[in-house]
Amino acid sequence: MNGWIGGLQVRGLDRGQTPTADFLCTACGTYRRITGRAAVGDFVRANPMAEHRVVCRPLPKTT
């Protein structure tokens, strides 16, 4: 998985588009996709980065 950028990305905020939020943790590989204006708003307000940091269990590094 080299080259993947982790974090939170929100797109589709223009008029007539469906908002989508993607969350990726590069330490443990957790991935979530949220769609819909209300759901994305709630997800972002919940601060998913800090919320996930509490439960994140990093995978062992491989060489």
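Coordinates for the structure precede this section.
My aim in this report is to walk through the structure given alongside it, one point at a time. Worth saying up front: this structure is predicted, and the values here are computed from it rather than measured.

Quick notes on the environment of R45
Link 1 in the chain: The topology assignment puts R45 in helix α1 (residues 37–45).
Link 2 in the chain: Exposure remark for R45: the relative accessible area of 65% places this residue in the exposed category.
Link 3 in the chain: Taking the C-alpha atoms as reference points, R45 and L24, separated by 21 residues in sequence, lie 17 Å from one another.

Describing the nonpolar core
Link 1 in the chain: Within the largest apolar cluster, eight residues are counted, these being A21, F23, C25, C28, I34, V40, F43 and C56.
Link 2 in the chain: Within the residue set of this core, elements represented by two or more residues are β2 (20–24) and α1.
Link 3 in the chain: With sequence-adjacent residues up to four places away left out, C56 is seen in contact with C25, A27 and C28.

Notes on the pattern of salt bridges
Opposite charge on two side chains makes pairing possible when the charged atoms of those side chains draw close.
Link 1 in the chain: The full count for this structure, using the stated rule, is three salt bridges.
Link 2 in the chain: Residue D22 pairs with R11 through a salt bridge whose shortest N-O separation is 2.4 Å. Note that D22 is positioned in strand β2 and R11 in strand β1 (residues 7–11), a separation of 11 residues in sequence.
Link 3 in the chain: When its relative accessible area of 9% is taken as the criterion, D22 is described as buried.
Link 4 in the chain: Linking D42 and R45 is a salt bridge whose minimum nitrogen-to-oxygen distance equals 2.8 Å.

Considering the side chain of D22
Link 1 in the chain: Within polar-contact distance, the side chain of D22 engages the side chain of R33 at 2.7 Å.
Link 2 in the chain: If we skip the residues at most four places from it in the chain, D22 touches G7, L8, Q9, R11, Y31, R32 and R33.

A short note on a nonpolar patch on the surface
Link 1 in the chain: Residues L8, V10, L13, V44 and M49 make up a contiguous nonpolar surface patch of roughly 380 Å² in combined accessible area.
Link 2 in the chain: Its location among the elements puts V44 in helix α1.
Link 3 in the chain: On the accessibility criterion, V44 (39% relative accessible area) is partly exposed.

Details of the pairing of β2
Link 1 in the chain: For β2, the tally of buried residues reaches five of five residues, placing the bulk of the element in the interior.
Link 2 in the chain: Burial along β2 is two-sided: T20, D22 and L24 and A21 and F23, pointing in opposite directions, are all buried.
Link 3 in the chain: For β1 and β2, the ladder comprises five bridges, and the chain directions are antiparallel. For L8, the partnering residue across the bridge sits in β2 and is F23.
Link 4 in the chain: Pairing between β2 and strand β3 (residues 31–35): five bridges, direction antiparallel. Bridge pairing in β3 links D22 to R33.
Link 5 in the chain: What sits between β2 and β3 in their antiparallel hairpin is a turn of six residues, with G29 showing a positive phi close to 90°.

Definitions and limits used
Residues numbered from 1 in each chain as written. Predicted model: local features only at pLDDT ≥ 70, side-chain atom pairs only at ≥ 80, totals over all residues. Heavy atoms only, no water. Helix = DSSP H or I, 4+ residues; strand = E, 2+ residues; numbered from the N terminus. Buried < 20%, exposed > 50% of the residue type's maximum accessible area, 1.4 Å probe, protein only. Core = buried A, V, L, I, M, F, W, Y, C linked by side-chain atoms within 4.5 Å. Contact = heavy atoms within 4.5 Å. Salt bridge = Lys/Arg side-chain N within 4 Å of Asp/Glu carboxyl O. Polar contact = N/O pair within 3.5 Å; in protein donor to acceptor, adjacent residues only side chain to side chain. Patch = residues over 30% accessible without salt bridge, like charges linked within 9 Å, V, L, I, M, F, W, Y side chains within 5 Å. Areas by Shrake-Rupley, 256 points an atom, 1.4 Å probe, with all protein chains shown as cover. Pairing = 2+ DSSP bridges.

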